[in-house]
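Chain and residue survey
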Amino acid sequence: MGDVVTVPERYGLGPIEVTAITGGEVEMVAPLTGSGYSVSGCSGGGGVSSEGGGVGLSCSEGPAATINDAMSLEVVEILDTAAVLRIKPVG
């Protein structure tokens, strides 16, 4: 845990940190770099704030989630304490 992935600023998120891999899900947190936030495809929410706060995501293997209509995040595979993530631009 604790692995961090830096993503392009245009995605509206700062570095994404993996905080846990449990029960077939990968839990992540990331600071917001823009004024809005949206996610479709995995559960997000929790600590969203306008004071430089961040977001929490919990995603399982399967179809990619779309974040901020700009980024695709897919959990390709979960192995005991490791996960393979695919992050790319939407489209």
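Residues numbered from 1 in each chain as written. Predicted model: local features only at pLDDT ≥ 70, side-chain atom pairs only at ≥ 80, totals over all residues. Heavy atoms only, no water.

Looking now at the overall build of the protein chain. Helix and strand counts for the protein chain stand at zero helices and nine strands. Reading the protein chain from its N terminus to its C terminus gives the helix and strand order β-β-β-β-β-β-β-β-β. Taken across its 91 residues, the protein chain has 32% of its residues classed as buried. A separation of at least 24 residues holds for 37% of the contacts in the protein chain among residues at least 6 apart in sequence. (Helix = DSSP H or I, 4+ residues; strand = E, 2+ residues; numbered from the N terminus. Buried < 20%, exposed > 50% of the residue type's maximum accessible area, 1.4 Å probe, protein only. Contact = heavy atoms within 4.5 Å.)

Inspection of the entire model under this criterion finds one salt bridge. Here Glu-74 ties to Arg-86 by a salt bridge, and the two come within 3.1 Å at their closest N and O atoms. Here Arg-86 lies in strand E9 (residues 82-89) and Glu-74 lies in strand E8 (residues 71-79), a separation of twelve residues in the sequence. For Arg-86, a relative accessible area of 41% corresponds to the partly exposed category. (Salt bridge = Lys/Arg side-chain N within 4 Å of Asp/Glu carboxyl O.)

All right, on to the pairing of strand E3 (residues 25-31) then. Here E3 shows a clear split, with Val-26, Met-28 and Ala-30 buried on one side and none of Glu-25, Glu-27, Val-29 and Pro-31 buried on the other. Examined bridge by bridge, strand E2 (residues 16-22) and E3 share five bridges and lie antiparallel to one another. Within E3, the position partnered with Glu-17 by the bridge is Val-29. Connecting E2 to the next strand, E3, in antiparallel fashion are two residues, including Gly-23 with a positive phi near 55°. Summarising the sheet, E3 and strand E6 (residues 54-60) pair through seven bridges and their orientation is antiparallel. Following the sheet pairing, Glu-27 is matched in E6 by Ser-58. (Pairing = 2+ DSSP bridges.)

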